[in-house]
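If you want the building blocks of each chain, they are given just below.
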Amino acid sequence: TAPEQATTVLHHCLILIRCFAIAASSMIPHTAQTLFALLNQKEDPGSIAFVNACNNASLSKGHPITRASGLFPKISPDTITALTARFSGNKEKEEK
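Procedures and definitions
- Residues numbered from 1 in each chain as written.
- Predicted model: local features only at pLDDT ≥ 70, side-chain atom pairs only at ≥ 80, totals over all residues.
- Heavy atoms only, no water.
- Helix = DSSP H or I, 4+ residues; strand = E, 2+ residues; numbered from the N terminus.
- Expected span 1.5 Å × (residues − 1).
- Contact = heavy atoms within 4.5 Å.
- Axes fitted to C-alpha atoms, helices over the stretch in contact; angles between N-to-C directions.
- Parallel < 35°, antiparallel > 145°, perpendicular 65-115°, else oblique.
- Left-handed = near helix turned anticlockwise from the far one by under 90°.
- Nonpolar A, V, L, I, M, F, W, Y, C, P; charged D, E, K, R; others polar.
- Patch = residues over 30% accessible without salt bridge, like charges linked within 9 Å, V, L, I, M, F, W, Y side chains within 5 Å.
- Areas by Shrake-Rupley, 256 points an atom, 1.4 Å probe, with all protein chains shown as cover.
- Salt bridge = Lys/Arg side-chain N within 4 Å of Asp/Glu carboxyl O.
- Polar contact = N/O pair within 3.5 Å; in protein donor to acceptor, adjacent residues only side chain to side chain.

Q: What am I meant to see in helix 1 (residues 3-24) here?
A: Along an α-helix, a turn takes 3.6 residues, which lines up residues three or four apart on a common side. Over its 22 residues, helix 1 runs 31 Å from end to end, which matches the ideal 32 Å to within 8%, given 1.5 Å per residue. Tucked into the core, helix 1 has its buried residues touching helix 2 (29-38).

Q: Help me understand the environment of A49, please; the structure alone is not making it clear to me.
A: With respect to the secondary-structure elements, A49 resides in the loop between helix 2 and helix 3 (77-87). It is 8.8 Å that separates the C-alpha atoms of A49 and A23, two residues lying 26 residues apart in sequence.

Q: In this structure, what is going on with unusual backbone geometry? I would like to understand it.
A: Negative phi is the rule for most residues except glycine; trans is the rule for most peptide bonds. With a phi angle near 60 degrees, N40 is a residue other than glycine that sits in the positive phi range. Mapped onto the secondary structure, N40 falls in the loop between helix 2 and helix 3.

Q: How should I be thinking about the packing of helix 1 against helix 2 in this particular structure?
A: Geometry of a packed helix pair, given as the angle between the helix axes and the separation of the axes. In contact at an axis separation of 8 Å, helix 1 and helix 2 are set at 155 degrees when each is read in the N-to-C sense. Between helix 1 and helix 2, the angle falls in the class roughly antiparallel. Considering the relative orientation of helix 1 and helix 2, their crossing is left-handed. Together, I17, R18, F20, A21, I22 and A24 of helix 1 and P29, A32, L35 and F36 of helix 2 make up the contact between the two elements. The residue makeup of the contact of helix 1 with helix 2, split by class, is nine nonpolar, no polar and one charged.

Q: Would you take a moment to explain a nonpolar patch on the surface for this structure?
A: A surface patch of nonpolar side chains, about 510 Å² in accessible area, is lined by F20, M27, I28, L71 and F72. Structurally, M27 can be placed in the loop between helix 1 and helix 2.

Q: Before we go on, may I ask you to explain the environment of T84 in this structure?
A: Note on placement: T84 falls in helix 3. The spacing of T84 and L38 is 46 residues in sequence and 33 Å in space, taken between C-alpha atoms. Polar side-chain contacts of T84 include one of 2.7 Å to the backbone oxygen of I80.

Right under this line is the structure:
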């Protein structure tokens, strides 16, 4: 009902995603690079100082972005069960 407000909110969300990618680039570099690719950003997120992370000019109005897909693989219930048994600290579960 308020297209102008929706546009502003989405623009701020995209800027926050860019900030997150820069902040997280040292911990999850591949994911940060994927986020930058989705935002059609050419720089390496790890090369940008965090003080410059929320630069609005990099995502101006009309800036093209790529359609997103999942960033992380879906974890199946079987995988959850196996990881829980493996990392629960209970040796009996691990041996079975």
